Amino acid sequence: MAPSPKSTPEANANSNNDGKYPDVNWEEMGFSLTPTDYMYVMKCSIGEKFSQGSLIPYGNIELSPCSGILNYGQGLFEGLKAYRKEDGRILLFRPEQNALRMKAGAERLCMPSPSIEQFVGAVKQTVLANERWVPPFEKGSMYLRPLLMGSGPSLGLGPAPEYTFLIYASPVGSYHKRSLNLVVEEKQHRASSGGTGGIKTVANYSPVLNALSRAKAQGFSEVLFLDAATGKYIDEASACNIFSVKGNSISTPPTHGTILPGITRKSIIEIAGTLGYQVEERPVAIDELLDADEAFCTGTAVVVTSIGSVTHQGRRIDYKTQADTVCQKLHEILTGIQMGRLADTKGWMVEV
Ligand code: COI
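Residues numbered from 1 in each chain as written. Predicted model: local features only at pLDDT ≥ 70, side-chain atom pairs only at ≥ 80, totals over all residues.

A.B. asks: Hey, could you go over the overall build of the chain for me, with residue numbers and the actual values?
C.D. replies: If you tally the helices and strands in the chain, you get eight helices and 17 strands. Whereas a compact globule of 352 residues would reach a radius of gyration of roughly 20 Å, the chain reaches 20 Å, a difference of no more than 12%. Counting only C-alpha atoms, the chain reaches 60 × 55 × 35 Å along its principal axes. Per-residue burial for the chain yields a buried fraction of 43% across its 352 residues. Taking the intrachain contacts of the chain between residues at least 6 apart in sequence as the baseline, contacts between residues at least 24 apart amount to 71%. (Helix = DSSP H or I, 4+ residues; strand = E, 2+ residues; numbered from the N terminus. Rg over C-alpha atoms; globule rule 2.2 N^0.38 Å. Buried ≥ 20, exposed ≤ 12 C-beta atoms within 10 Å, placed from the backbone. Contact = placed C-beta atoms within 7 Å.)

A.B. asks: Provide a residue-level description of the nonpolar core, including the pertinent values.
C.D. replies: Formed by 44 residues in total, the largest nonpolar core has its most connected members in A82, V123, V127, M142, L144, L148 and I167. Counting only elements with at least two residues in this core, the list comes to β1 (38-45), β4 (80-84), β5 (90-93), α3 (95-108), α4 (116-129), β6 (141-150) and β7 (162-172). Apart from residues no more than four positions distant in its own chain, L148 is found in contact with G75, L76, M102, A106, M111, S113, Y163 and F165. (Core = buried A, V, L, I, M, F, W, Y, C linked by C-beta atoms within 7 Å.)

A.B. asks: I'd like a rundown of the site of the ligand, residues and numbers included.
C.D. replies: Around the ligand, the neighbouring residues are G79, Y205, A239, G299, T300 and A301. Across the shell around the ligand, the residue classes tally to three nonpolar, three polar and no charged. (Near = placed C-beta within 6 Å. Nonpolar A, V, L, I, M, F, W, Y, C, P; charged D, E, K, R; others polar.)

A.B. asks: Please set out helix α6 (residues 263-274) residue by residue, giving values where relevant.
C.D. replies: Over its twelve residues, α6 extends 17 Å from the first C-alpha to the last, a length consistent with the 16 Å expected when each residue adds 1.5 Å. Within α6, the full set of buried residues consists of I263, T264, R265, S267, I268, I269, I271 and A272. Looking one or two residues beyond α6, the residue adopting positive phi is G276, at roughly 100°. (Expected span 1.5 Å × (residues − 1).)

A.B. asks: Which residues make up unusual backbone geometry, and what values go with them?
C.D. replies: The backbone phi angle of E138 is positive, close to 65°, even though this residue is not glycine. By the element assignment, E138 lies in the loop between α4 and β6. Notably, Q313 is not glycine yet its phi reads approximately 50°, a positive angle. By C-beta crowding, Q313 is classed as exposed, having 7 other C-beta atoms within 10 Å.

A.B. asks: Please set out the packing of α3 against α4 residue by residue, giving values where relevant.
C.D. replies: Here α3 crosses α4 at 130°, and the two axes come no closer than 9 Å. Classified by the angle between their axes, α3 and α4 sit oblique to one another. Here α3 runs over α4; the crossing is right-handed. The residues of α4 that touch α3, namely those facing P95, E96, A99, L100 and M102, are I116, F119, V120 and V123. (Axes fitted to C-alpha atoms, helices over the stretch in contact; angles between N-to-C directions. Parallel < 35°, antiparallel > 145°, perpendicular 65-115°, else oblique. Left-handed = near helix turned anticlockwise from the far one by under 90°.)

A.B. asks: So what's going on with the environment of Y83? Residues and values would help.
C.D. replies: Looking at the element boundaries, Y83 is found in strand β4. Along the backbone, Y83 and Q188 are 105 residues apart, and their C-alpha atoms lie at a distance of 37 Å. With near-sequence residues (within four places) excluded, Y83 lies in contact with L91, S141, Q338, M339 and G340.

A.B. asks: Before we move on, can you summarise the UniProt feature "modified residue: N6-(pyridoxal phosphate)lysine" (unreviewed entry) in the chain with the specific residues and values?
C.D. replies: When the UniProt feature table is mapped onto this chain, "modified residue: N6-(pyridoxal phosphate)lysine" (unreviewed entry) is found at K200. Note on placement: K200 falls in the loop between β8 (180-184) and α5 (209-217). Those residues in contact with K200 that lie beyond four places of it in its chain are L76, F77, E78, R101, G105 and L260. (UniProt positions renumbered as here; feature names shortened; annotations may be inferred.)

A.B. asks: Before we move on, could you go through the packing of α6 against helix α8 (residues 326-339) and cite the residues and values that matter?
C.D. replies: Where α6 contacts α8, the two axes come as close as 10 Å, and the packing angle between them is 110°. It follows that α6 is roughly perpendicular to α8 by the angle criterion. For the crossing formed where α6 meets α8, the hand is right-handed. In contact with S267, I268, I271 and A272 of α6, α8 contributes L330, I333 and L334. For the contact of α6 with α8, a count of residues per class yields six nonpolar, one polar and no charged.

A.B. asks: Break down α4 for me, with residues and values.
C.D. replies: Compared with the 20 Å implied by 1.5 Å per residue over 14 residues, the 20 Å span of α4 between its first and last C-alpha is a close match. Restricting attention to buried positions, one finds in α4 the residues F119, A122, V123, K124, Q125, T126, V127, L128 and A129.

A.B. asks: Help me get a handle on the pairing of strand β14 (residues 294-299), residues and values and all.
C.D. replies: The buried fraction of β14 is high, at five of six residues. In this sheet, β14 lies alongside strand β11 (residues 241-246) in antiparallel orientation, the contact comprising five bridges. By the bridge assignment, N241 is partnered in β14 with T298. Summarising the sheet, β14 and strand β15 (residues 303-312) pair through four bridges and their orientation is antiparallel. Looking at β15, one finds that F296 is bridged to S306. In this antiparallel pair of consecutive strands, β14 and β15, the connection spans three residues. (Pairing = 2+ DSSP bridges.)

In structure tokens:
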């Protein structure tokens, strides 16, 4: 491990020890890249383990034109957030869960992965080195984007000879400013059984862009995919998991390979169970979603966002989004824990 950035002169020069923030309008910040000072980089060869990484100034990276990531999509990404508490301390939300998910994805894509300790340690170093960019209490969060990629050259199809683990950071605000209007995609699917829908490979995200662009061109905010086998059950949206609410019952599709095992998804299931809702992970028919009282989506970027409407085959269903919704209750508790307003009784928060 590289030494803690707190102990390096470079990091001290850029840290927030004097209480100064960069010139950012926190109120206006959405979910877009604001480059920060440092990124973390660690490399290893195939057959070896990751051992020593370091912080370097944020910037472009050099990559072989023949790299596994550029040619064969051998890559994964993660997303997690750091929050500043009212007392100034910085907390990460369940970072070990991202490390575990990256490990599972790396096995599927034949890549070495950092250990859980290396992953979490590297995230902490990245946050500390960029501390001045962690927004003030309740003004947003710092989004950390860990990447794992085949960076070495391989012309024939096969695992790349060299791998790079990299983390960069950006302060962010809300992904969506208001409730979502989803349209159900009729022609394309996001994932199929035995494929890679259950891991966070980069290759899962460009294939949704066509449907997402068509949806946005028609005024929708997100696209909802149905299962590839029957086209009868909801899968997930392009960037988040979906939940359906009917009475005291909350349902979401199970993570059996085509659904991304979202960390916010998992946390919401746990919080909802504690609140006394009957939570079920089971196939949810599109007809059932259209008949629901309420619907919402979850993800690190979207947090917990209510769904205002779903349009399927030209028929639009509107849902309850105002006042006393299940979504609002869950959002309040989750963000309360994340920002330190509520006690972290589950031990989810990790201090940087
Ligand atoms: C996240 O929620 O962290 C994601 O990875 C979704 C991304 C498409 C913004």
